[in-house]
Amino acid sequence: MKCFYKSLISLISATTLICCVNALDTAASFDIAIGGASISDPVGFNLEYAGFLDDIYVEDFNKKAEEEIEDIPGTIIDGVYAGSIDISGMTYKQALNAVNGYVDSVSSRNLAIESINENIVQFPLSDLGIKWGNKDIIIDAMGLGKGGNLIEQYKTICDLKKSPKVYDVQLDFDREKITELINEEANRSNIRPTNAVIERVDGHFVIKSQGVAGVEINVAKSVSDIMSVLSNIGEGDLYVALTTDVYESDIDEEALSQMTDILGTYTTSFKTSSQDRSGNVNTGCRHVNGTVLYPGEQFSMYNSVSPFTEENGYFMAGSYLNGMVVESLGGGICQVSSTLYNAVIRSELQVDERSPHSMVVTYVDLSSDAAIAGTYKDFKFTNNTEYPIYIEGYTTDEKKITFNIYGKDTRDPRRTVEFESVETSKTEPEGEKIIADPSKPVGFISTQSAHIGYTGELWKIVKVDGVETERIKINKSTYHPSPRTATVGTGAMDANVVATMDAAIATGSIDYVKQTIASLTAAAQAAAAMGQ
């Protein structure tokens, strides 16, 4: 019958075809709903309905492919599938619900990712922003066999009986959401490389621990691999091994073993320091000792020795503040910083930040100091060599502090460097300064010696075979003068005593104030004796 039908297509008109088909094949029958009315046609064709489908399906529905359509009249002809789902005979809503049910079932499946160290992490596909991306296939399916002329419509029906129409169900996933999840996994699991650790024991370097390579998730490649797997979802749960990159440690044992040369060394004395100040020098030196700087790394003195707390080993000792010597936790730490600074410049490392004290210090020459104060004055330098450097620091019972900087010396052995401090000006302090302190009793007096002001320069002198070839100014520093200063107690119940002290302070003479205190003390003692 069908072969006979095909032979007739080129010979007869559409009207004749309807009659012939009616006689040959009365098995096909379709109920068509138009505007609520049902029309039964023995062969399933109706010219008015065909024209209706042309207008509705081909033009209007395709224009609304991305819109939410509430309903479409009619059913899908036989032989039509959405993926593995047979949607033949279904209404528009039934087909939508069938495919949405499939998408929901897929959403409940898991994606297993193999992370670093073979750690398996499971993500439900619902967490990956899954959605059905081509709902317009149902609109297209509703129009199959209903558009075009009668011959085209019937041919579609016959073709589907031989070879069903299968639409791909496109599942889309949120790439940004997946990237976010893999970034979170990378933050949890990435392993940073660790360098080999070395320490100096009894005059020899000892490798304390070996270097370990780092492993990091390649987020971009891993996300692409996941998207590829999700594009062919198949059956069951899914699996992806994340792509990882291995990063070797910057410095291994071989590199550390090359630190055999002393690049620079310097020693200062703190033999006149109090016990507490000496303790601070010892503590600061201990914090710096053992530091390893790799090529390009920067050292911060403040970060290395802070915080200045008792728990970190510091004591109250004298330090400079606004032209005065005051007690503070960590007083004396600048001697540690200045000693290291002199070792650094002799190593010819890159100095990034250095500040002079507000007043001159005695443990190094002019312009050879490096003060630290809070975070606004720090000593920083960078290892600008091609090899790691090791900072060795120690103190002795003779109250001396030494820093040695070890590395691989690639400088010309015929070349030497020296440093020369030059005084460029000197300013004597003027007068005396007396500070009244009513929180202290009359009789209290604390004096501070005068400090001469200076400006100075530090010069680097380069010699080759003992002959000077360069003279380079390293820095210029200014140290402010400070007069002899006394802090005097003026707290007393007797108004006459307070007035006497105020008058003595007004003279501006520390010696006169001392005499006044001695007189008042003697008078008070005499009065006390008479009272007995």
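Above this text you will find the structure in question.
Residues numbered from 1 in each chain as written. Predicted model: local features only at pLDDT ≥ 70, side-chain atom pairs only at ≥ 80, totals over all residues. Heavy atoms only, no water.

Enquirer: Sorry, what's going on with the overall build of the protein chain here?
Expert: Secondary structure summary: the protein chain contains 14 helices and 29 strands in total. Sorting the 532 residues of the protein chain into buried and exposed places 38% on the buried side. The long-range share in the protein chain, meaning contacts at least 24 apart out of those at least 6 apart in sequence, stands at 70%. When the accessible surface of the protein chain is split by element, carbon and sulfur atoms take 50% of a total near 28200 Å². (Helix = DSSP H or I, 4+ residues; strand = E, 2+ residues; numbered from the N terminus. Buried < 20%, exposed > 50% of the residue type's maximum accessible area, 1.4 Å probe, protein only. Contact = heavy atoms within 4.5 Å. Areas by Shrake-Rupley, 256 points an atom, 1.4 Å probe, with all protein chains shown as cover.)

Enquirer: What should I look at first to understand the packing of aromatic side chains in this one?
Expert: Here a ring pair, both rings aromatic, is described through the centre-centre distance and the interplanar angle of the planes. For the coordinates displayed, the defined rule picks out seven aromatic pairs. Between the aromatic rings of Phe205 and Tyr390, the centroid separation amounts to 5.0 Å while the plane-to-plane angle is 85°, which identifies the pairing as edge-to-face. Here Phe205 is found in strand β11 (residues 204-209), whereas its partner Tyr390 is found in strand β22 (residues 389-395), with 185 residues between them in sequence. Using a relative accessible area of 23% as the deciding quantity, one classes Phe205 as partly exposed. Relative to Tyr406, the ring of Phe205 lies with its centre 5.1 Å away and its plane at 90°, an arrangement referred to as edge-to-face. Separated by 201 residues along the polypeptide, Phe205 in strand β11 and Tyr406 in strand β23 (residues 400-407) bring together distant segments of the chain. Among the residues examined, Tyr406 registers a relative accessible area of 6% and is labelled buried. An aromatic cluster of at least three residues, connected via ring pairs, comprises Phe299, Tyr341, Phe379 and Phe381. (Phe/Tyr/Trp six-rings, centres within 6.5 Å; stacked < 30°, edge-to-face > 60°.)

Enquirer: Any chance you could explain the side chain of Glu185 here in plain terms?
Expert: Mapped onto the elements, Glu185 comes out in helix α7 (residues 175-189). Since its relative accessible area comes to 2%, Glu185 is described here as buried. Within the local environment of Glu185, its side chain forms a polar contact with the side chain of Arg188, the two groups lying 2.8 Å apart. A polar side-chain atom of Glu185 sits 2.6 Å from a polar atom in the side chain of Ser189. Glu185 has contacts with Ile113, Ser115, Asn119, Val121, Asn190, Ile217 and Leu242, leaving out every residue within four places of it along the chain. (Polar contact = N/O pair within 3.5 Å; in protein donor to acceptor, adjacent residues only side chain to side chain.)

Enquirer: What should I look at first to understand the sheet that holds strand β27 (residues 453-464) in this one?
Expert: Across a sheet, strands are paired by hydrogen bonds formed along the backbone, either parallel or antiparallel in direction. Strand order across the open sheet formed by three strands is β24-β27-β28, with antiparallel pairing between neighbours. The open sheet has two edge strands, β24 (415-427) and β28 (467-479), and neither has a second partner. If you compare each strand with its neighbour and ignore which way they point, the axes differ by 20° on average. Relative to the sheet, helix α12 (residues 333-347) contacts β24, β27 and β28, its axis offset from that of β24 by approximately 130°. (Pairing = 2+ DSSP bridges. Axes fitted to C-alpha atoms, helices over the stretch in contact; angles between N-to-C directions.)

Enquirer: Can you walk me through the environment of Thr447 in this structure?
Expert: Within the secondary structure, Thr447 is located in strand β26 (residues 445-448). A sequence separation of 40 residues divides Thr447 from Thr487, and the C-alpha atoms of the two residues are 6.4 Å apart. Setting aside anything within four residues of it in sequence, one finds Thr447 in contact with Thr485, Ala486, Ile510 and Lys514.

Enquirer: Would you mind going over the pairing of strand β6 (residues 120-124) with me for this structure?
Expert: A regular strand places its side chains so that they alternate between the two faces of the sheet. Of the two faces of β6, only one is covered, namely that formed by Val121 and Phe123; the face formed by Ile120, Gln122 and Pro124 stays uncovered. Across five bridges, the pairing between strand β5 (residues 110-114) and β6 is antiparallel. By the bridge assignment for β6, Glu114 is matched with Ile120. Counted between consecutive antiparallel strands, the loop separating β5 from β6 contains five residues, among which Asn117 sits at a positive phi close to 60°.

Enquirer: Looking at this model, I keep getting lost on the pattern of salt bridges. Mind explaining?
Expert: Side-chain pairs of opposite charge can arise where the charged atoms are in close proximity. Across all of its chains, the model carries 19 salt bridges by this definition. With its nearest N and O atoms 3.1 Å apart, the salt bridge here joins Arg414 to Asp465. You can see Arg414 sitting in the loop between β23 and β24 and its partner Asp465 sitting in the loop between β27 and β28, a full 51 residues away along the chain. Accessibility expressed as a relative area gives 45% for Arg414, which makes it partly exposed. Among the salt bridges present, the one from Lys426 reaches Glu428, with a minimum N-O distance of 3.9 Å. Salt bridges here are not isolated pairs; linked through shared partners, they connect Glu348, Asp409, Arg411, Arg415 and Lys460. (Salt bridge = Lys/Arg side-chain N within 4 Å of Asp/Glu carboxyl O.)

Enquirer: Explanation requested: the layout of surface pockets in the structure shown.
Expert: Empty space among the atoms becomes apparent when a probe as large as a water molecule is rolled across them. Roughly 1100 Å³ of internal volume is contained in the largest pocket. In terms of lining residues, the largest pocket is bounded by 38 residues, among which Gly318, Ser319, Tyr320, Gly332 and His357 are the most central. For the lining of the largest pocket, the secondary-structure elements that each account for two or more residues are β18 (316-321), β19 (324-329) and α12. In the lining of the largest pocket, the residues fall into 17 nonpolar, 17 polar and four charged. (1 Å grid on protein atoms, 1.4 Å probe; cavity = no way out; pocket = protein on both sides within 12 Å on 5 of 7 lines; lining within 4 Å. Points joined across faces, edges and corners; volume = space filled by probe spheres on them. Nonpolar A, V, L, I, M, F, W, Y, C, P; charged D, E, K, R; others polar.)

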